[in-house]
Amino acid sequence: MTSVRAELSPARRRRLIGRGLLKAAASTLVLVVLYFVSPLERVDGVPVGVSLVVGLLLLLGVCTWQIRAIPRAAHPGVRAIEALAITAPLFLLLFAAAYFVMAQDDPESFNVQGLTRSDALYFTVTVFATVGFGDISATSQIARRLVTVQILLDLLVLGLGIRVFAGAVQRGRERQ
C-alpha cells in the first residue's frame, strides 16, 4: 500500500500543512477570545477546585476524542497539530480561569492586587514554561496547592501527553 504522504505533491503538502496551521491558529484564537469574554465573575458559590475538576474532565474528554481522531485522519500529522492547538491552550486557559476566579474570591491569593485575566494567563504560561519570573506569585495556601497541581499536570502533559499524540500519529501512518 502506497503512503498517502508519498502521493502528495510538494505544493499540495504545503497547502495542507498551511491549512492545518491556519485551523490551529484559529482554534487557539477562538479559545483565547472565549476566555476573555466569558462571564467568569458570575461563578459565585462554586468552589474553584470543583470548577477546575469539571473543566479538566471535559479536557480529558476532548483529548480522548482528539487522540482517537488522529489515527483515522487522512493526514495524521496535520490532524495532531490541530488537536494540540485545541488541547494545549484549553489546558492553560482552564488554569488561567481558575487563578482569575480564585483572585476574585480572595484577593490575597496572589501578591498582585486585582489580578486581571491577562495577569492570570501570563502567570499560567510562566508556570507552564517553568520560567517563574516571580513578579506574580501565589501567596495563599490554596493558591500554592493549585499551582502545585498545575506543575504536576504540566509535567504529565509534556511527558505523557506529547508521547500519546505522537503515538496516535504513528498509528495513523501505519494504518495508511
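Computed from a prediction, not measured in an experiment: that's the story for all the values here.

(A) Representation of the packing of helix H2 (residues 10-37) against helix H4 (residues 76-105) within the structure. As a packed pair, H2 and H4 sit with axes 9 Å apart at the nearest point and diverge in direction by 15°. Accordingly, the angle class assigned to the pair H2 and H4 is roughly parallel. Along this stretch, H2 crosses H4, giving a crossing that reads as right-handed. On the side of H2, the interface is formed by Leu16, Ile17, Gly20, Leu21, Lys23, Ala24, Ser27, Thr28, Leu31, Val32 and Tyr35, while H4 contributes Val78, Ile81, Glu82, Ala85, Ile86, Pro89, Leu90, Leu93, Ala96, Ala97 and Phe100. Per-class residue counts for the contact of H2 with H4 are 17 nonpolar, three polar and two charged.

(B) Quick look at the UniProt feature "transmembrane region" (unreviewed entry) in the protein chain. According to UniProt, the "transmembrane region" (unreviewed entry) feature falls on residues 21-40, 46-68, 80-100 and 151-169. Between the end C-alpha atoms of residues 21-40 there is a gap of 29 Å, over a span that is 85% helix and 0% strand. A helix fraction of 100% and a strand fraction of 0% characterise residues 151-169, whose end C-alpha atoms lie 26 Å from each other.

(C) Spatial organisation of the environment of Arg144. If you trace the backbone, Arg144 turns up in helix H6 (residues 141-175). Along the chain, Arg144 and Ser109 lie 35 residues apart, while their C-alpha atoms are 8.4 Å from each other. Excluding residues that lie within four positions of it along the chain, Arg144 makes contacts with Ala138 and Thr139.

(D) Layout of the pattern of salt bridges. This structure, assessed with the given rule, holds two salt bridges. Measuring nitrogen to oxygen at the nearest pair gives 3.9 Å for the salt bridge that ties Glu82 to Lys23. Here Glu82 is found in helix H4, whereas its partner Lys23 is found in helix H2, with 59 residues between them in sequence. On the basis of relative accessibility, which here comes to 46%, the residue Lys23 falls in the partly exposed class. Here Glu41 makes a salt bridge to Arg117, at a shortest N to O gap of 3.1 Å. One end of the pair, Glu41, is in the loop between H2 and helix H3 (48-72); the other, Arg117, is in helix H5 (residues 117-128), and 76 residues separate them in sequence. When its relative accessible area of 9% is taken as the criterion, Arg117 is described as buried.

(E) Region of the structure containing the UniProt feature "domain: Potassium channel" (unreviewed entry) in the protein chain. Here, UniProt's "domain: Potassium channel" (unreviewed entry) annotation points to residues 90-170. Counting secondary structure, residues 90-170 comes out at 72% helix and 0% strand; the distance between its end C-alpha atoms is 24 Å.

(F) Seen up close, a negative patch on the surface. Together, Asp44, Asp105, Asp106 and Glu108 line one region of the surface with negative charge. With respect to the helices and strands, Glu108 occurs in the loop between H4 and H5. Judged by its relative accessible area of 53%, Glu108 falls in the exposed class.

Definitions and limits used
- Residue positions within a chain follow its written sequence, with the count starting from 1.
- pLDDT decides what is reported in this predicted model: residues at 70 or higher carry local features, side-chain atom pairs at 80 or more are listed and counted, and totals for whole chains, interfaces and linings draw on all residues regardless.
- Hydrogens and water molecules were not included; the side-chain quantities draw on all heavy atoms of the structure.
- For every element, the axis is a line fit to its C-alpha atoms; helices are fit only across the contacting stretch, and the angle between N-to-C directions ranges from 0 to 180 degrees.
- Per the convention used, a helix needs a DSSP run of H or I reaching at least four residues, while a strand needs a run of E reaching at least two, with both numbered from the N terminus.
- Orientation is classified from the angle alone, with under 35 degrees giving roughly parallel, over 145 giving roughly antiparallel, 65 to 115 giving roughly perpendicular, and any other angle giving oblique.
- Each crossing gets its handedness from the near helix: less than a right angle anticlockwise from the far helix is left-handed, clockwise is right-handed.
- Here, two residues are considered to be in contact whenever any of their heavy atoms come within 4.5 Å of each other.
- Residues were grouped as follows: Ala, Val, Leu, Ile, Met, Phe, Trp, Tyr, Cys and Pro as nonpolar; Asp, Glu, Lys and Arg as charged; and all remaining residues, including Gly, as polar.
- UniProt positions are given in the numbering used here, feature names are shortened, and annotations may be inferred rather than shown by experiment.
- Salt bridge criterion: a side-chain nitrogen from Lys or Arg within 4 Å of a carboxyl oxygen from Asp or Glu.
- When a residue's accessible area, from a 1.4 Å probe over protein chains only, is under 20% of the maximum for its type it is buried; when over 50% it is exposed; and in between it is partly exposed.
- Note on patches: the residues involved have over 30% relative accessible area and no salt bridge, like charges join within 9 Å, and the nonpolar side chains Val, Leu, Ile, Met, Phe, Trp and Tyr join within 5 Å.
- Computed with a 1.4 Å probe, the accessible areas rest on the Shrake-Rupley method; for each residue, only the protein chains presented here act as cover.
- Only four residue types enter the tally: Lys and Arg on the positive side, Asp and Glu on the negative side; His and the chain ends are excluded.
- Taken as the charge location is NZ of Lys, CZ of Arg, CG of Asp or CD of Glu.

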